[in-house]
Amino acid sequence: MKLKGTIVEETSPQKNTMVVKFEGDEKQQHFEIKCSFNPHLHRLRKWDYILMWIKWESEIFTEPKTGEKSYFTNLTCSKVIEISSPYGN
């Protein structure tokens with residue numbers, strides 16, 4: 001799915017993640033997005049407004065002693081386009 005949002009934390013050369021706030025989210029929540037690329041190396045920075053191709057991925061962890069399962073949902077991004085930037089790229 002394609003979603004628009006704003007990067008709300010600085011990207012890092014050591015991480016393939018970015019933290020974004022999605023357009024239209026009434027709660028203005030921050031989400032960590034795992035990327036198939038390094039956003040910092042693509043010159044994506046805090047406050048850039050972007051269009052992202054997002055997929056949901058589920059991780060299931062099973063506690064070895066009890067067999068109890070925990071479910072986690074990750075948001076992954078395979079492609080991004082900068083819509084606007086306050087830095088005037």
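Above this text you will find the structure in question.
The structure displayed is predicted, hence computed values, not measured ones.

Turning our attention to the sheet that holds strand β4 (residues 49–62). If you trace the five strands once around the closed barrel, you get β1-β2-β3-β5-β4, paired in mixed fashion. Each strand axis lies, on average, 60° off the axis of its neighbour in the sheet, ignoring direction. Alignment of strand β2 (residues 17–22) against strand β3 (residues 31–35), held across four bridges, turns out to be antiparallel. For Val 20, the partnering residue across the bridge sits in β3 and is Phe 31.

This paragraph deals with the side chain of Ser 85. With respect to the helices, strands and loops of the structure, Ser 85 is situated in the segment after β5 (69–84). Here the side chain of Ser 85 touches Asp 48 through a polar contact of 2.7 Å, side chain to side chain. Of the polar contacts made by the side chain of Ser 85, one reaches the backbone nitrogen of Tyr 87; its length is 3.1 Å.

One pass over the structure, following the stated rule, counts two aromatic pairs. Note on Phe 22 and Phe 31: the rings are 5.4 Å apart at their centroids and 45° apart in plane angle, and the pair reads as tilted. Of the residues examined, Phe 22 reaches a relative accessible area of 11% and is grouped as buried. Residue class for Phe 31 comes out partly exposed when judged on its relative accessible area of 26%. Over the ring of Tyr 87 we find Arg 45; its NZ or CZ atom is 4.1 Å from the centre of that ring.

Cut-off values and rules
Residues numbered from 1 in each chain as written. Predicted model: local features only at pLDDT ≥ 70, side-chain atom pairs only at ≥ 80, totals over all residues. Heavy atoms only, no water. Pairing = 2+ DSSP bridges. Helix = DSSP H or I, 4+ residues; strand = E, 2+ residues; numbered from the N terminus. Axes fitted to C-alpha atoms, helices over the stretch in contact; angles between N-to-C directions. Polar contact = N/O pair within 3.5 Å; in protein donor to acceptor, adjacent residues only side chain to side chain. Phe/Tyr/Trp six-rings, centres within 6.5 Å; stacked < 30°, edge-to-face > 60°. Buried < 20%, exposed > 50% of the residue type's maximum accessible area, 1.4 Å probe, protein only. Lys NZ or Arg CZ within 6 Å of the ring centre and 35° of its normal.

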